[in-house]
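Spelled out, the chains give:
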Amino acid sequence: MTAKTREALADVDAATVELHDVHKWYGTHRVLDGVDLAVRPGEVTVILGPSGSGKSTLLRVINHLEKPEIGHVSINGELIGVRRQGDRLKELSERSILIQRSRIGFVFQNFNLFPHLTIVDNVAAAPVATGKLGKPEALELARELLGRVGLADKTGAYPRQLSGGQQQRVAIARALALRPGVILFDEPTSALDPELVGEVLAVIRDLATSGTTLLIVTHEIGFAREIADRVVFIDGGKIIEQGPPSAVLDKPRYERTKDFLSKVL
Ligand code: ADP
Ligand code: MG
């Protein structure tokens, strides 16, 4: 293995993520309504909430896929959102957005793999595109990461030849290829047949114990109880309550949380 590949595999410093008074709206629809959240390095945060409560938007704002109207987001103390300076919005350049986004992994519900690329090329694509690694080193890195998610024997396959659980594991390996300080998961197991959920949760569990900062939107309450340092319940674009699983899941204080949990448990 080359020195560059080894370097690309070394442990990454886990990131902090902070949202300060984040508001996002479409027309008159307030999708995020003043969200404050501070995630410590290595913390595993599970975000719960009913459909339409703003969970995906919250992750998308962190990853620059959406811009907040008010408030700001920072990763490791570096501003990545938009903030009001007096009445003026401060916009980040496209270039700084791309740099910051490359430090954040994002795993989608529907995998979003490149259908025309093999598995190993899917994982190698970003380090090559961002100029971090040459093609041979990126392929070496991709093979190593695919081994870690149990897919060493599938590197030459195309996404359509894999099960949903395997595709999602590729998506996780792809997210790891840029050595992100934080990984965002948006309902990573909701599109899977029930018998394939476990293999994906097992990979996420490994990441959780490796000290990476994780924000995970999921309805898997048992999994949340097992791995979360903190559970955040969101409804109507607001954080209703948050705390350790033993508090939020077992002794929720608010009716809305109790009502939600009674439906998903
Ligand atoms: P969740 O992930 O919790 O189900 P979302 O964050 O996807 O919720 O969406 C929250 C609300 O914002 C929903 O009512 C949704 O219809 C609305 N919404 C999301 N994206 C857009 C958009 N691009 N334009 C208009 N409304 C949107
Ligand atoms: Mg969603």
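Everything that follows concerns the structure shown earlier in this document.
Being a predicted model, the structure only gives us computed values, none of them experimental.

Considering the packing of helix 4 (residues 119-129) against helix 6 (residues 164-176)
Okay, step 1: Taken N-terminus to C-terminus, the directions of helix 4 and helix 6 make an angle of 25°; their axes are 8 Å apart at the nearest point. Classed by the angle they form, the pair helix 4 and helix 6 counts as roughly parallel. Helix-helix and strand crossings are classified by hand; for helix 4 and helix 6 the assignment is right-handed. Where helix 4 abuts helix 6, its residues I119, N122, V123 and A126 lie against V170, A173 and R174.
Okay, step 2: Residue classes in the contact of helix 4 with helix 6 are distributed as five nonpolar, one polar and one charged.

With respect to helix 5 (residues 135-148)
Okay, step 1: Helix length check: helix 5 (14 residues) gives 20 Å between terminal C-alpha atoms against 20 Å at 1.5 Å per residue, within 8%.
Okay, step 2: Every buried residue belonging to helix 5 is among E137, A138, E140, L141, A142, R143, L145 and L146, and all of these are buried.
Okay, step 3: Downstream of helix 5 by a residue or two, G150 has a phi angle that is positive, lying close to 80°.

Some points on the sheet that holds strand 8 (residues 104-107)
Okay, step 1: The mixed open sheet is built from six strands, whose spatial order is 8-9-10-3-11-12. Edge positions in the open sheet fall to strand 8 and strand 12 (238-243), since each of these has one partner strand only. The average angle at which neighbouring strand axes cross in this sheet is 15°, direction not considered.
Okay, step 2: Note that strand 11 (residues 230-235) and strand 12 share five bridges and pair antiparallel. Across the sheet, residue F233 finds its bridge partner in strand 12, namely E241.

Examining the site of ligand 1
Okay, step 1: Near ligand 1 you find Y26, H29, V31, G49, S51, G52, S53, G54, K55, S56 and T57, and these make up its full shell.
Okay, step 2: Residue assignment for the shell around ligand 1 shows that the elements contributing at least two residues are strand 2 (29-39) and helix 2 (55-62).
Okay, step 3: Sort the elements by how many residues they give to the shell around ligand 1 and helix 2 lands first, with three residues.
Okay, step 4: Per-class residue counts for the shell around ligand 1 are two nonpolar, eight polar and one charged.

Comments concerning helix 6
Spacing of three or four residues puts side chains on the same side of an α-helix, whose turn is 3.6 residues.
Okay, step 1: Over its 13 residues, helix 6 runs 19 Å from end to end, which matches the ideal 18 Å to within 8%, given 1.5 Å per residue.
Okay, step 2: Within helix 6, twelve of the 13 residues are buried, leaving the element largely enclosed by the surrounding structure.
Okay, step 3: What helix 6 keeps buried is the set G165, Q166, Q167, Q168, R169, V170, A171, I172, A173, R174, A175 and L176.
Okay, step 4: Buried-residue contacts for helix 6 involve strand 8, helix 4, helix 5, strand 9 (182-186) and helix 7 (194-209).

Calculation rules
Residues numbered from 1 in each chain as written. Chains lettered and ligands numbered in written order. Predicted model: local features only at pLDDT ≥ 70, side-chain atom pairs only at ≥ 80, totals over all residues. Axes fitted to C-alpha atoms, helices over the stretch in contact; angles between N-to-C directions. Helix = DSSP H or I, 4+ residues; strand = E, 2+ residues; numbered from the N terminus. Parallel < 35°, antiparallel > 145°, perpendicular 65-115°, else oblique. Left-handed = near helix turned anticlockwise from the far one by under 90°. Contact = placed C-beta atoms within 7 Å. Nonpolar A, V, L, I, M, F, W, Y, C, P; charged D, E, K, R; others polar. Expected span 1.5 Å × (residues − 1). Buried ≥ 20, exposed ≤ 12 C-beta atoms within 10 Å, placed from the backbone. Pairing = 2+ DSSP bridges. Near = placed C-beta within 6 Å.

Taken by themselves, the reported measurements are silent on function.
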